[in-house]
Amino acid sequence: MWRRVASFSPFISSTKSSTLSQVNHGISSKDSTPFITFVLGGPGSGKGTQCAKIVDTFGFKHLSAGDLLRREIACNSESGSTILDTIKEGQIVPSEVTVRLIRREMELSNNHKFLIDGFPRSEENRIAFERIIGAEPNIVLFFDCPEEEMVKRVLNRNQGRVDDNIDTIKKRLKVFEALNLPVVNHYAKKGKLHKICAVGAEDEIFEQVRPVFAGCEQVISES
Ligand SMILES: Nc1ncnc2c1ncn2[C@@H]1O[C@H](COP(=O)(O)OP(=O)(O)O)[C@@H](O)[C@H]1O
Ligand SMILES: O=c1ccn([C@@H]2O[C@H](COP(=O)(O)OP(=O)(O)O)[C@@H](O)[C@H]2O)c(=O)[nH]1
Ligand SMILES: [Mg+2]
């Protein structure tokens, strides 16, 4: 199992032990330390849109928790129908399910820079990630957007999502405020939060995001 580690720490220590590599799979057998960014914000705040720009500019691996869950629904996996019901209700899928999906993608990736988009959505999610993955994010982005703007964007999103309707959006906004904002506050207290004003043109918003990553390029490259 990966070692429990604190912030800016590797999944495994700098001792690149071949024994550890043989015992563990995936990430732990890689030579680099993961650099983990959580991307938070309400529904429609522009997380996915900005993640695409971060990928293009800084070469991160984008892991959208929502996309991973939708993939489980699409491939009729064992938990697919429960996930679908949960998403339709705007509620949060059990942490073990989501963390397992994220962990698998991290293990399969050759990249060591991860953007984890739309997760953790609750304190319980956050604690499960730390316990199962054994790491904390290096940085956390929070896209701060007024509700009215988020509702407008989600209703115009046009991706055929079962949860992009006014009834589910209202539920998602309540869940966001009750369960996701405590996660945002947690990282603010830890000094890891980068709050981005998510109103304006996409490129203008990215100009607030860019310096966050440019500012830690050395840490990323040393990972
Ligand atoms: N700055 C912006 N201004 C207007 N519309 C935006 C902006 N950023 C994203 N959008 C649009 O809003 C919708 C939601 O964006 P998305 O990136 O999917 O948000 P999230 O992942 O936070 O739900 C999409 O249709 C997207 O094209
Ligand atoms: O870690 C997660 C991420 C997403 N979801 C569910 O998937 C939905 C859509 O999430 P996504 O991040 O795709 O939505 P967005 O915020 O981008 O609109 C959420 O409302 C939740 O029901 C979840 O349960 N756990
Ligand atoms: Mg999204």
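Scroll up to find the structure this text is about.
A few points on the structure. Quantities reported herein were computed from a predicted structural model and do not represent experimental measurements.

### Side note on the overall build of the protein
- Helix and strand content of the protein: 10 helices and 5 strands.
- Looking at the protein as a whole, 49% of its 223 residues qualify as buried.
- For the protein, the share of sequence-separated contacts (at least 6 apart) that also reach a separation of at least 24 residues comes to 76%.
- When the accessible surface of the protein is split by element, carbon and sulfur atoms take 50% of a total near 11000 Å².

### Description of the site of ligand 2
- Taken together, 18 residues form the shell around ligand 2, and within it Lys47, Arg70, Gln91, Val93 and Arg172 come nearest.
- Between ligand 2 and Arg161, the relevant distance is 3.1 Å, taken from an oxygen atom to a side-chain nitrogen or oxygen of the residue.
- Protein coverage of the free-state accessible area of ligand 2, which is 530 Å², stands at 96%.
- Broken down by element, the shell around ligand 2 gets its largest block of residues, 4 residues, from helix α3 (residues 65-74).
- For the shell around ligand 2, the per-class residue count stands at 7 nonpolar, 4 polar and 7 charged.

### A short note on the packing of aromatic side chains
- For the coordinates displayed, the defined rule picks out 7 aromatic pairs.
- Ring centres of Phe38 and Phe129 lie 5.0 Å apart, and the angle between their planes is 80 degrees; this geometry places the pair in the edge-to-face category. On the criterion of sequence distance, the pair formed by Phe38 in strand β1 (residues 35-41) and Phe129 in helix α6 (residues 123-133) is long-range, its members being 91 residues apart.
- Classification of Phe38 by relative accessible area gives buried; the value is 0%.

### Examining the packing of helix α2 (residues 47-58) against helix α9 (residues 202-214)
- Running from N to C, α2 and α9 cross one another at 50 degrees; their axes reach a closest spacing of 10 Å. Relative to α9, α2 is oriented oblique. Viewed along their axes, α2 and α9 form a crossing whose handedness is right-handed. Counted together, Thr49, Gln50, Lys53, Ile54, Thr57 and Phe58 of α2 and Glu202, Asp203, Ile205, Phe206, Val209, Arg210, Phe213 and Ala214 of α9 form the full contact between these two elements.
- Residues that form the contact of α2 with α9 fall into these classes: 7 nonpolar, 3 polar and 4 charged.

### A look at the site of ligand 1
- In the vicinity of ligand 1 lie 14 residues, with Gly44, Lys47, Thr49, Arg157 and Gly200 positioned nearest.
- In this structure, Gly48 approaches ligand 1 through a main-chain N or O atom, which is 3.1 Å from an oxygen atom.
- Between ligand 1 and Arg157 there is a distance of 2.8 Å, counted from an oxygen atom to a side-chain nitrogen or oxygen.
- Counting only elements with at least two residues in the shell around ligand 1, the list comes to α2 and α9.
- For the shell around ligand 1, the element with the highest residue contribution is α2, accounting for 3 residues.
- Taken together, the residues of the shell around ligand 1 break down into 3 nonpolar, 7 polar and 4 charged.

### With respect to the pattern of salt bridges
- Per the counting criterion, the structure on display carries 20 salt bridges.
- As a salt-bridge pair, Asp67 and Arg70 come within 2.7 Å of each other at their nearest N and O atoms. In this pair, Asp67 and Arg70 both sit in helix α3, 3 residues apart, roughly one turn of the helix.
- The salt bridge involving Lys195 is made with Asp144; its shortest N-O contact spans 3.7 Å. Here Lys195 is found in strand β5 (residues 193-197), whereas its partner Asp144 is found in strand β4 (residues 139-144), with 51 residues between them in sequence.
- Note on Lys195: relative accessible area 56%, which makes it exposed.
- Counted as one network, the salt bridges with shared partners bring together Arg157, Arg161, Asp163, Asp164 and Arg172.

### Points about the packing of α3 against helix α4 (residues 80-88)
- Interaxial distance between α3 and α4 falls to 8 Å at its minimum, and their mutual angle equals 130 degrees. Looking at the two axes, α3 sits oblique to α4. By crossing handedness, the relation of α3 to α4 is classed as left-handed. Residues Leu69, Arg70, Glu72 and Ile73 of α3 form the contact with α4, whose participating residues are Gly80, Ile83, Leu84 and Ile87.
- Tallied by class, residues from the contact of α3 with α4 come to 5 nonpolar, 1 polar and 2 charged.

The rules behind each value
- Residues numbered from 1 in each chain as written.
- Chains lettered and ligands numbered in written order.
- Predicted model: local features only at pLDDT ≥ 70, side-chain atom pairs only at ≥ 80, totals over all residues.
- Heavy atoms only, no water.
- Helix = DSSP H or I, 4+ residues; strand = E, 2+ residues; numbered from the N terminus.
- Buried < 20%, exposed > 50% of the residue type's maximum accessible area, 1.4 Å probe, protein only.
- Contact = heavy atoms within 4.5 Å.
- Areas by Shrake-Rupley, 256 points an atom, 1.4 Å probe, with all protein chains shown as cover.
- Near = heavy atom within 4 Å.
- Polar contact = N/O pair within 3.5 Å; in protein donor to acceptor, adjacent residues only side chain to side chain.
- Nonpolar A, V, L, I, M, F, W, Y, C, P; charged D, E, K, R; others polar.
- Phe/Tyr/Trp six-rings, centres within 6.5 Å; stacked < 30°, edge-to-face > 60°.
- Axes fitted to C-alpha atoms, helices over the stretch in contact; angles between N-to-C directions.
- Parallel < 35°, antiparallel > 145°, perpendicular 65-115°, else oblique.
- Left-handed = near helix turned anticlockwise from the far one by under 90°.
- Salt bridge = Lys/Arg side-chain N within 4 Å of Asp/Glu carboxyl O.

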